[in-house]
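# Examining the three-dimensional arrangement
In case you want the letters, here they are:
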Amino acid sequence: MLNVHLVAHTHDDVGWLKTVDQYFYGIQNDVQHAGVQYILDSVILSLLMEPTRRFIYVETAFFSRWWQQQTNATQEVVRNLVRQGRLEFANGGWVMNDEAATHYGAIIDQMTLGLRFLEDTFGKDGRPRVAWHIDPFGHSREQASLFAQMGFDGFFFGRLDYQDKSVRQEKLQMEQVWRASASLKPPVADLFTSVLPNMYNPPEKLCWDTLCADKPFVEDPRSPEYNAKELVNYFLQLATAQSKHYRTNHTIMTMGSDFQYENANMWFKNLDRLIQLVNAQQANGSRINVLYSTPACYLWELNKANLTWSVKQDDFFPYADGPHKFWTGYFSSRPALKRYERLSYNFLQVCNQLEALAGPAANVGPYGSGDSAPLNEAMAVLQHHDAVSGTSRQHVANDYARQLAAGWGPCEVLLSNSLARLSGSKEDFTYCRDLNISVCPLTQTAKSFQVTIYNPLGRKVDWMVRLPVSERVFDVRDPNGTIVPSDVVILPSSDGLELLFSASVPALGFSIYSVTQVPGRRPHAHSRQPRSQKSWSRVLDIQNEYIRARFDPDTGFLVELENLEQNLLLPVRQAFYWYNASVGNNLSTQVSGAYIFRPNRQEPLIVSHWAQTRVVKTPLVQEVHQNFSAWCSQVVRLYPGQRHLELEWTVGPIPVGDGWGKEVISRFDTVLETKGLFYTDSNGREILERRRDYRPTWKLNQTEPVAGNYYPVNSRIYIRDGHVQLTVLTDRSQGGSSLRDGSVELMVHRRLLKDDGRGVGEPLLEEGSGLWVRGRHLVLLDKAQTAATGHRLQAEKEVLAPQVVLAPGGGAPYHLGVAPRKQFSGLRRELPPSVHLLTLARWDRTRLLLRLEHQFAVGEGSGNLSSPVTLDLKVRRGGDGGTCSPPSPSRTCRRPRWQPTSPGPAPPGSSGHQTRALQPSPLPLGWTPPPSRWSPWKSALSWPRSSGKSMARHAGGRKTLPLLLLLLLPPMEAIKMPL
């Protein structure tokens, strides 16, 4: 008997053609008919009409809003439906996040927010069992690894490369085990994965929604519209044909699509008839059984089949839905929004940490009511697959930015309350959000001010502070009152000035520096040294104790990079180019757009063959200012003690008056013999090997040599020749590739004149503030064997950079008679370099959430950085000197067992573990979750209130140990972790 599992669902984008609020309330239905509140109203009523009906819901951002508007009686009705399994939640995150442009930390945060709401509202009955990513445009290995470590039983998705899908259907590999980590020991990151047969839509002719035009069931044979027999026969043929691509006697059909079920009765009434009429054919010998089901039920039946499944070890990028149709443009679309999202992630972690460190004083204090929740929710919304991806309409992108800006405000109040509490001084704190464009009224007008620098890392950092100032000379003093070196430098392409000084900031803490104008002295570092195209000098370089960068004196281009510490010299030519966006040709009508990248030729055009250059050299910085055109410039700089070269580029507004859409790249050309290989990160965490014009699981027919070789770069891309490695770190998600040996390119901006036909309905013109984009690439040259030491630790500093807070100084004491302090650290000792403090946040009134992770993969880095690390966490409890023991879960948990086949030789960089059956044993009540099994379910992580034992745990030794160590801790004045 073939069992057909009908999954009734709706896919509700948290913003796309309309804003989040417009979708929820059903506003602007002339743009798209969609009202989520009415969908949920209608579904609940229809479920109550017939007990066999079932429905799944995904987007917690919408459901939580709807839930708050319901009466107590309606809420109890919904609780009963969830308890009975008739309303089931899938995925459970705040949104269905994108998988290319998202950082793994932000993914974890948004999943935690959604899952916690479901647990708080429905208890264990609301826990999703399956991951459901039916619409994201390609799927990352790190996403699957995270889902596996969250405890999901399986993963369902809809979009799959058209060539890949054809091969999988032929080989019966539409379902398999995804081995989603090369470092975590199986089965920690193993996840059963199922590709849905019809993306996520209903089968053709079987869409019974107000948005569809398919005919409903007409059972009266006297009616001229009678079609029941025809539809039943069609369904029987359809189910039989679909089952031929899957291995068991179970197959799944998605019954729903975008914003459907606003009139749920239409859907359910026809599905009722379909089930009744098809099953009635069993009396005539039919071997097909139809039932209302859910992905979790379907997965359970597959698991009972006890089959052996093939294993996948790479990812599902890039995605193409046809020849010449690669969805690789969105890796770079809306770069300003992508940077704002990454910056907001940084700020949210600072906000969370200070809320934890300062206690209740962070939320209610002299500056008002502070709150991390608005920014947490805004950041969660930004992870949606049409938000940070850059694939929404312009007014929706503007609304995403508005939500982030609104979230920053309560966090700024929280920071002010916290810093006053921890420093002991109530200052008039100022947050200059426009420092990226060198605007800050306080520093540009005040004769003196103080600078508080907060460090969210678990290790001390030395950070070069840059602040816009007027034409003055300043004395800068550290927390001890000692004058520190400072400089005032002129800005490129303007007469503005910036004050520079290096600040030393302790782990998980702050340092306060005072700045005072010094009258009567002339600025000594205001002048720049202009360089013409043909210079009399043949030497143009900048250098510190570790790095030397040489430039061609004729062109002004970077041409050579030298690592003085490791005695490495590499010719590197960096320049900006642009691809002319295709508007279609005789091969395909496909154009470049928000989703699709398709250049009209393989070779890009150079922005300029030479750059006008100016040189700035002071004891604190050396810079080469390059001006390539009216819309493209760059500052290449080195600070003392810096082991990387910083390239700060400014691009825009991209001119399109010539009728040509343009996609701008920064390209690095070297002599490295890379043999077609390059490497990109997966959501900012593990690294995947890429090979030009190649896919690991099928023979690729390459139709787009440029776009078809682009991959998402969330934090880094590198090339190597076995001896030398060139790594480029990014400050946001971008598309990148190596289209020829020894070359690396990253797309920094794109502005297009045509819509690519994927539904957004407008070209990517980037109106408003998104026209002009500034960003940074950090370039590292290292020995290949030890390069990870540099790029791992530097990437950590970029994602969690120090936060600068300003004040005029002279504030009142927080407590009378208590002297203020200029420096603070929440740690007794620094964390070792291989351990990353991923999360420190308030969980509830009595507990904090702490996540630690090992940030080096197997074999990475120098020395023993990839070896297991043991931490002895002794946490102070309100000054009683007690310590915490491991948590004891209130219930057991168990993932289903899947039997994978041997995947063959492990890919480069993997752990090479032998394949075996997934056989997790039932867990006793006293079981302590391993570090990887992080979970937002507080019932599984409750701390005993009395314990005198300390806790020693591995924080992720990557050869044998998993990803995350999650703890819920009691509150404290400050976290103290002796190591």
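Bear in mind the structure is a predicted one, so any value in this text is a computation, not a measurement. (Residues numbered from 1 in each chain as written. Predicted model: local features only at pLDDT ≥ 70, side-chain atom pairs only at ≥ 80, totals over all residues. Heavy atoms only, no water.)

## Details of the sheet that holds strand E1 (residues 2-8)
Stated formally: The pairing criterion for strands is at least two bridges between them, as found by DSSP. A run of DSSP states H or I qualifies as a helix once it reaches four residues; a run of E qualifies as a strand once it reaches two. Both are numbered from the N-terminal end. All axes are obtained by fitting lines to C-alpha atoms, using only the stretch in contact for helices, and the reported angles, taken between N-to-C directions, cover 0 to 180 degrees.
Pairing is parallel in the open sheet, where three strands are placed in the order E8-E1-E9. At either end of the open sheet lies a strand with only one pairing partner, and these are strand E8 (250-255) and strand E9 (288-292). Neighbour-to-neighbour, the strand axes of this sheet turn through a mean angle of 25 degrees, independent of strand direction. Pairing analysis gives five bridges linking E1 to E9, with the strands arranged parallel.

## Observations regarding the pairing of strand E15 (residues 448-455)
This is how the line gets drawn: Only protein chains enter the accessibility calculation, which uses a 1.4 Å probe; a residue whose area is less than 20% of its type maximum is buried, one above 50% is exposed, and one in between is partly exposed.
Counted residue by residue, E15 has seven buried out of eight residues, so it is predominantly covered. Looking at chain direction, E15 and strand E21 (residues 509-517) are connected through eight bridges and run antiparallel. Bridged to valine 451 within E21 is tyrosine 513. By the bridge criterion, five bridges tie E15 to strand E41 (residues 803-807) in an arrangement that is antiparallel. Bridge assignment links isoleucine 453 to a residue of E41, and that residue is valine 804.

## Observations regarding the packing of helix H3 (residues 60-68) against helix H5 (residues 104-122)
The line we're drawing: By convention, the crossing between two helices is left-handed when the near helix turns anticlockwise from the far helix through less than a right angle, and right-handed when the turn is clockwise. Contacts are residue-level and defined by heavy atoms, with any inter-residue pair within 4.5 Å sufficient. Gly is put with the polar residues, along with every residue not named as nonpolar or charged; the nonpolar set is Ala, Val, Leu, Ile, Met, Phe, Trp, Tyr, Cys and Pro, and the charged set is Asp, Glu, Lys and Arg.
At a minimum axis separation of 10 Å, H3 and H5 run at an interaxial angle of 35 degrees. Every pair of crossing elements has a handedness; the one defined by H3 and H5 is left-handed. When H3 is examined against H5, the residues Thr60, Phe63, Ser64, Trp67 and Gln68 are found in contact with a partner set consisting of Gly114, Phe117, Leu118, Thr121 and Phe122. Considered class by class, the residues forming the contact of H3 with H5 number five nonpolar, five polar and no charged.

## Focus: the state of the cysteines
Going by this rule: Our working definition of a disulfide is a cysteine sulfur pair at a distance within 2.5 Å.
Applying the stated rule across the entire model yields three disulfides. The disulfide that involves cysteine 207 links it to cysteine 212, with 1.9 Å between the sulfurs. The exposure class of cysteine 207 is buried, given its relative accessible area of 8%. When the bonded cysteines of the protein chain are counted from the start of the sequence, the pairing works out to 1-2, 3-4, 5-6.

## Focus: the packing of helix H2 (residues 36-49) against helix H4 (residues 72-83)
Note the threshold: For classification, angles of less than 35 degrees are called roughly parallel, those exceeding 145 degrees roughly antiparallel, those between 65 and 115 degrees roughly perpendicular, and all remaining angles oblique.
Contact geometry of H2 with H4 gives a least axis separation of 11 Å together with a crossing angle of 60 degrees. With respect to H4, the element H2 is oriented oblique. Where H2 crosses over H4, the two elements pack in a sense that is left-handed. Only Val77, Val78 and Leu81 of H4 make contact with H2, whose side of the interface consists of Ile44, Leu47 and Leu48. Across the contact of H2 with H4, the residue classes tally to six nonpolar, no polar and no charged.

Structural measurements only, silent on function.
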